[in-house]
Amino acid sequence: MADSMDIDDSLYSRQRYVLGDSAMQKMARSAVFLSGIGALGVEIDFAYVFWDLGTNFFIREEDVHSQKKRVEAVHSRVAELNPYVQVSVSTDVLDENTDLSFLKRYQCVVLTETKLSLQKRIDHFCHSQQPPIKFIGCDVFGICSRVFCDFGEAFEVSDPTGEEPKELFIQNISQENPGVVTCMDSRTHGLQTGQSVCFKEINGMTELNGTTHQVTVLSPYSFAIGDTSSFQPYAHAGIFRLVKMPKTFTFETMEQQLSDPRLLTPDFSKPEAPLQLHTIMLALDAFLEQHARLPNIGFAQALIDMVTSCCVSVNQELVRSVSRCARGCLSPLAAVVGGIASQEVLKALTGKFSPLQQWFYLDAIEVIQPLQSLPAEEFAPRGDRYDALRACIGESLCLKLHTFQVFMVGCGAIGCEMLKNMALMGVGLSRCSGEICITDPDLIEKSNLNRQFLFRPQHIRKPKSTTAAAASLEINPELQIDAHLNKVCPATEDMYSDAFFSRLNLVVTALDNVEARRYVDSRSVSNQKALLDSGTMGTKGHTEIIVPYLTESYNSHRDPPEEEIPFCTLKSFPAVIEHTIQWARDKFESAFSHKPSIYNMFWQTHSSAQEVLRRMMAGESMEGSFQVIKLLSRRPTQWEHCLALARLKFDKYFKRKVLEPLYSFPLFSGLFWQSPKRPPSPIEFELSDPLHFSFVVSSARLFAGIYNIPHSEEQLSYEAVSSVLAEVEVPEYKPAEKHIETDETVKKPDQLQMTVSSEEERQAISQLQKAISSSSVTPERLRMTPTFFEKDDDSNVHMDFVASASALRAHMYAIEAADRLQTKRIAGKIIPAIATSTAAVAGLVSLELIKVAGGYGFELFKNCFFNLAIPVMVLTETAQVKRTQIRDDISFSIWDRWTIFGHEDFTLSDFMNAVKEEYGIEPTMVVHGVKMLYVPVMPGHNKRLKLTMHKLIKPSAGRKYVDLTVSFAPEVDGDEDLPSPPVRYYFSRERESGETA
């Protein structure tokens with residue numbers, strides 16, 4: 001429970017985008033009771049033995065040696081995660097005799113590692129309170145887990161999905177019963193029958209404006225809303241928006257739900273599993289009650305008898321597997337269940353998102369399926385931190401994990417969770433010659449702290465990778481971690497070479513952008529290494545498992561490209577708030593980043609202004625010269641000049657640029673200004689308006705920054721700014737014959753490539769002459785300091801500029817403005833994030849890591865998509881690799897690579913003959929990168945057959961091989977050439993482990 005009601009945006013901004021401020025405020029006022037601080041308890045909140053070191057990431061070896069109680073050991077480490085949250089502890093026993101009245105002070109109760117009989121008693125108590133105390137029970141027994149929720153008989157949810165309602169433009173509304181609404185430009189509305197929409201900005205049928213109507217979906221592009229026959233005829237324009245309606249959920253007690261459970265099914269390839277697991281885990285509960293311990297291998301039959309006594313047909317092999325592993329713990333499975341249960345806690349406290357009804361079962365049976373025939377000694381405890389894992393997967397597979405060589409790219413939220421999971425499982429131990437190599441060029445920001453749990457406030461501005469490595473070693477000192485600060489990209493291929501990849505067992509991506517993923521995937525496929533990919537967006541998460549020769553790769557599928565906003569829309573015809581925010585961001589980039597960069601590059605290339613003047617007067621064209629000279633001639637030299645420049649920018653952006661389209665397309669000129677085009681209204685500057693003041697001051701400060709002009713706090717006051725601006729002369733607007741682009745397919749022109757008139761040329765020469773003659777061309781004046789957009793630092797006024805510019809433009813076009821938080825999300829392209837999804841996705845990936853280490857078959861790997869808000873989880877088989885047929889007896893997949901060994905005198909003809917001899921088909925074309933080595937139809941290429949491969953390719957010193965693209969003649973004339981896998985050509989027979997590609 002937090003002391004303060006203020007939301008620290010620098011810490012919580014990513015989470016605010018997921019939950020919203022109302023939910024965050026409710027969480028701050030809430031109190032939660034958590035019982036149990038084992039593997040699952042710490043994932044939710046976060047006399048014992050070394051066993052705990054492999055399941056509880058907040059327990060250290062010194063805690064075990066000093067025989068601290070769990071709760072005492074973890075308390076301070078949990079508390080330091082968030083200084084805004086009060087964490088209190090109790091070591092009192094919670095049992096059948098405990099007076100439960102103390103629970104009345106809590107809004108939610110979470111039980112882990114608790115006997116079922118006690119769970120039922122506490123749930124009944126919580127259910128009977130007014131209002132009910134929300135109850136969540138969680139358990140992990142070896143390879144199976146469950147979550148149970150009971151939020152009372154009538155739990156109201158304000159926002160069942162958490163999805164941002166879309167606003168769509170209307171093409172037409174019919175005047176009939178029922179009236180039919182059609183979306184503009186065949187945009188799909190995404191509505192469901194029974195949902196409600198509200199209308200605004202309709203011309204003609206104005207009776208609908210401001211009203212809400214329930215819809216009946218007719219097609220993806222149209223829906224009915226009821227009787228519109230008595231309304232005025234629809235004319236044009238209008239927008240509709242989905243209205244979020246509250247929904248009430250009904251829950252039964254755990255006692256009621258035991259015999260007739262409501263179950264969520266995560267894996268439709270085994271739809272019977274949830275009910276079977278429900279029965280088996282109830283039998284485990286009964287076994288625990290009877291024997292005061294969980295069963296092991298020798299007690300499988302006793303558990304089978306208990307299950308069959310319930311008159312339920314179950315898979316006896318599943319019962320044996322559960323029985324054998326019940327005393328163990330898979331820490332990744334605990335992470336998944338902890339993430340899911342934590343999200344349910346947030347739902348219980350906030351009334352946002354649809355709660356789980358009421359049971360969720362998740363198993364990792366595929367992890368142990370190939371291990372059934374191993375002897376019992378494989379799973380016997382050895383008195384170390386890996387006993388809980390060993391009880392599930394055996395000693396041999398534990399040793400494989402210990403020797404693993406893993407390369408993880410990215411140390412953000414998912415990266416931290418992955419390192420924690422690998423530390424608990426003992427992946428990459430120094431004593432076993434294993435290693436985890438991690439790399440991330442980023443530094444830790446305050447906004448990282450609320451979900452990247454290896455970091456603390458004292459780590460801000462320190463490198464993520466080295467800090468995460470040090471924190472992981474605290475969890476498990478046996479790890480071998482090599483931390484780098486590099487990007488993984490073509491520029492670092494010398495470091496992350498094929499020789500580097502050849503040593504690896506596995507690659508893990510913990511990245512937040514598609515292009516980086518695609519590159520790492522291509523390197524993994526090229527080097528035939530398994531790759532584990534995952535990502536989150538708010539409450540959604542996905543995992544993709546890529547295994548050599550078994551599955552497709554990340555690059556095998558492509559999402560549709562993100563829809564770009566047309567240039568003419570941004571420049572002259574914004575219709576929604578996203579357009580004005582993107583326009584403001586573009587203005588920031590142009591004025592404060594792009595132009596200063598161009599300026600610096602120009603003067604680095606042309607260091608003498610006199611030489612530039614001479615060449616221009618000689619009629620020589622110099623790219624960027626006109627733009628650069630304009631910046632030089634108008635360069636401010638003091639703070640007052642920056643303020644004047646900002647005031648003129650205001651007039652240009654919000655008055656002159658508005659009058660231009662109105663001059664070209666007057667309001668009375670036919671139907672041009674029809675939805676979605678909005679006619680703008682110019683804004684008269686008024687310093688007393690906070691938006692106007694914010695724009696001018698932030699602009700002036702940014703100009704001062706790029707021109708290296710100092711200013712004081714006193715100069716930022718309203719009085720100081722007002723006195724300066726009173727002296728600024730703003731030229732009167734005169735219409736210019738400018739072309740206003742209306743074609744949505746036209747791209748933004750490159751300013752450097754635009755033609756310049758002779759008058760502009762003469763003006764530029766005159767400006768440069770004047771600058772030289774006035775001795776103002778000094779080395780300092782030929783340099784600027786580009787500013788790069790940083791959304792999370794409020795002191796730099798970047799967001800002040802974007803927020804004020806966007807809001808002013810929105811006002812001009814009668815668009816509803818966004819608040820600063822929403823503007824920041826859109827301008828900064830922030831991906832909403834929350835720790836619950838991160839924990840779940842990393843846990844799922846870590847389960848697949850075990851399968852990779854075990855060399856499992858295709859059918860045992862699982863991809864996953866989930867949305868914890870709804871909630872839904874879908875586990876599926878991975879996509880099986882496709883083979884490309886060259887001829888009847890020759891085929892290849894993305895994982896195949898052909899190899900040819902040559903020598904110093906090896907000719908192109910020798911190469912082609914070697915391919916034919918080795919692989920049974922003669923090449924007709926050979927390409928190296930973008931260079932065509934041999935294409936028969938190209939003039940002179942037949943002469944190349946006698947040239948050596950060395951002479952044709954010209955390898956750099958030390959290069960051992962190249963990858964070539966080869967194609968073959970089609971079997972039927974007129975068909976396209978047949979492809980092949982990459983052909984790796986070695987320049988000699990030597991094949992060294994340290995070879996470079």
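- The protein chain carries the name Ubiquitin-like modifier-activating enzyme 6 in an unreviewed UniProt entry, which gives Cyprinus carpio carpio as its organism.
- For the record of the protein chain, the UniProt heading Subunit (unreviewed entry) holds the text "Forms a thioester with UBD in cells stimulated with tumor necrosis factor-alpha (TNFa) and interferon-gamma (IFNg)."
- Heading Sequence similarities (unreviewed entry) of the UniProt record for the protein chain holds this comment: "Belongs to the ubiquitin-activating E1 family."

### Observations concerning the packing of aromatic side chains
Okay, so step 1: Throughout the structure, instances matching the rule amount to 42 aromatic pairs.
Okay, so step 2: Taking the centre distance of 6.1 Å and the plane angle of 75 degrees together, the rings of Tyr653 and Phe695 count as edge-to-face. In this pair, Tyr653 is assigned in helix H22 (residues 639–664) and Phe695 in helix H23 (residues 690–706), connecting sequence segments 42 residues apart.
Okay, so step 3: Plain terms: the ring middles of Trp898 and Phe968 are 6.0 Å apart, the flat faces sit at 50 degrees to each other, and that makes the pair tilted. With Trp898 in strand E26 (residues 898–901) and Phe968 in strand E29 (residues 961–968), this residue pair connects regions lying 70 residues apart in the sequence.
Okay, so step 4: Accessibility expressed as a relative area gives 0% for Phe968, which makes it buried.
Okay, so step 5: By way of ring pairs, the aromatic residues Trp583, Phe588, Phe592, Phe650, Tyr653, Phe654, Phe685, Phe695, Phe703, Phe789 and Phe801 are connected into one cluster.
Okay, so step 6: It is Arg324 that lies over the ring of Phe379; its NZ or CZ is 4.0 Å from the centre.

### Considerations on the nonpolar core
Okay, so step 1: In this structure, Ile122, Ile136, Leu330 and Ile393 are the most contacted members of the largest nonpolar core, which totals 151 residues.
Okay, so step 2: In contact with Ile122, not counting residues within four places along its chain, are Leu94, Leu100, Leu103, Val109, Leu111 and Phe135.
Okay, so step 3: Counting residues in hydrophobic clusters, the runner-up holds 71 residues, among them Leu613, Leu632, Phe703 and Leu725.

### A short note on a positive patch on the surface
Okay, so step 1: On the surface, Lys571, Lys630, Arg634 and Lys652 cluster together into a positively charged patch.
Okay, so step 2: In this structure, Lys652 sits in helix H22.
Okay, so step 3: Residue Lys652 is classed as partly exposed on the basis of its relative accessible area, which comes to 33%.

### Structural notes on the pairing of strand E23 (residues 872–877)
In regular strands, side chains alternate between the two faces of the sheet.
Okay, so step 1: Examined bridge by bridge, strand E22 (residues 862–867) and E23 share six bridges and lie antiparallel to one another. By the bridge assignment for E23, Lys862 is matched with Glu877.
Okay, so step 2: The antiparallel pairing of E22 with E23 creates a hairpin that spans four residues between the two strands.

### Points about the sheet that holds E22
Okay, so step 1: The strand order across the open sheet formed by eight strands is E18-E17-E16-E19-E20-E21-E22-E23, and the pairing between neighbours is mixed. Two strands bound the open sheet, and with one partner strand each, they are strand E18 (481–484) and E23. Strand-to-strand twist in this sheet, taken as the mean axis angle between neighbours without regard to direction, amounts to 15 degrees.

### As for helix H29 (residues 908–919)
Quick reminder: α-helices carry 3.6 residues per turn. Residues three or four places apart thus point the same way.
Okay, so step 1: With 12 residues, H29 extends 16 Å between its outermost C-alpha atoms, agreeing within 8% with the 16 Å of an ideal straight helix rising 1.5 Å per residue.
Okay, so step 2: Listed as buried for H29 are Leu908, Phe911, Met912, Ala914 and Val915. Looking down the long axis of H29, one finds its buried residues gathered within 160 degrees of arc, a one-sided arrangement.
Okay, so step 3: Following H29 by one or two positions, Gly920 has its phi on the positive side, about 80 degrees.

### Regarding the environment of Thr161
Okay, so step 1: With respect to the helices, strands and loops of the structure, Thr161 is situated in the loop between strand E5 (155–157) and strand E6 (167–173).
Okay, so step 2: The sequence separation of Thr161 and Leu479 amounts to 318 residues, and the corresponding C-alpha distance is 41 Å.
Okay, so step 3: Polar side-chain contacts of Thr161 include one of 3.2 Å to the backbone nitrogen of Glu163.
Okay, so step 4: A polar side-chain atom of Thr161 sits 3.0 Å from a polar atom in the side chain of Lys244.

### Re the sheet that holds strand E28 (residues 931–934)
Okay, so step 1: The five strands are arranged E26-E30-E29-E27-E28 in an open sheet whose pairing can be described as mixed. Strand pairing shows two members of the sheet lacking a second neighbour, E26 and E28, which therefore form its edges. For this sheet, the mean inter-axis angle between neighbouring strands, taken without regard to orientation, is 35 degrees.
Okay, so step 2: Direction of pairing for E26 relative to strand E30 (residues 983–986): parallel, over a ladder of four bridges. Bridge pairing in E30 places Thr899 opposite Arg984.
Okay, so step 3: Where H29 meets the sheet, it contacts E26, strand E27 (923–928), E28, E29 and E30, and its direction lies at approximately 130 degrees from that of E26.

Cut-offs and rules
- Numbers given for residues are sequential positions, taken from 1 along each chain in its written order.
- Local features in this predicted model are restricted to residues of pLDDT 70 or higher, and side-chain atom pairs are both shown and tallied only at a pLDDT of 80 or more, whereas totals for entire chains, interfaces and linings draw on every residue.
- The side-chain quantities take in all heavy atoms of the structure and omit both hydrogens and water.
- UniProt positions are given in the numbering used here, feature names are shortened, and annotations may be inferred rather than shown by experiment.
- Here is the rule: rings of Phe, Tyr and Trp (six-membered ring for Trp) pair when centre to centre is within 6.5 Å. Planes less than 30 degrees apart are stacked, more than 60 are edge-to-face, and the remainder are tilted.
- Put simply, DSSP marks the helices as runs of H or I at least four residues long and the strands as runs of E at least two long, and each gets a number from the N terminus on.
- We call a residue buried when its accessible area falls under 20% of the maximum for its residue type, exposed when it is over 50%, and partly exposed in between, using a 1.4 Å probe and counting protein chains only.
- Ring-over charges, as used throughout, are those where CZ of Arg or NZ of Lys falls within 6 Å of the ring centre and within 35 degrees of the ring normal.
- Nonpolar core, defined: a set of buried Ala, Val, Leu, Ile, Met, Phe, Trp, Tyr and Cys residues in which side-chain atoms within 4.5 Å join the residues together.
- Whether two residues are in contact is decided by their heavy atoms: any pair within 4.5 Å suffices.
- For patch building, the residue pool is restricted to those with more than 30% relative accessible area and no salt bridge; the joining distance is 9 Å between like charges and 5 Å between nonpolar side chains (Val, Leu, Ile, Met, Phe, Trp, Tyr).
- The Shrake-Rupley method, run with a 1.4 Å probe sphere, supplies the accessible areas, and residue values consider only the shown protein chains as cover.
- Salt bridges are counted wherever a side-chain nitrogen of Lys or Arg sits within 4 Å of a carboxyl oxygen of Asp or Glu.
- Counting rule applied: Lys, Arg positive; Asp, Glu negative; His and chain ends not counted.
- Note on charges: their place is set at NZ of Lys, CZ of Arg, CG of Asp or CD of Glu.
- Only when DSSP finds a minimum of two bridges between them are two strands counted as paired.
- Simply put, an axis is a line fit to the C-alpha atoms, just over the touching stretch for a helix, and the angle between two N-to-C directions goes from 0 to 180 degrees.
- By this rule the span expected of a helix is its residue count minus one, scaled by 1.5 Å.
- In this context, the arc is that of the directions from the helix axis out to the C-beta atoms.
- N or O atoms within 3.5 Å of each other form a polar contact, as long as, within protein, one can give a hydrogen and the other can take it, and as long as residues adjacent in sequence are counted only when both atoms are side-chain atoms.

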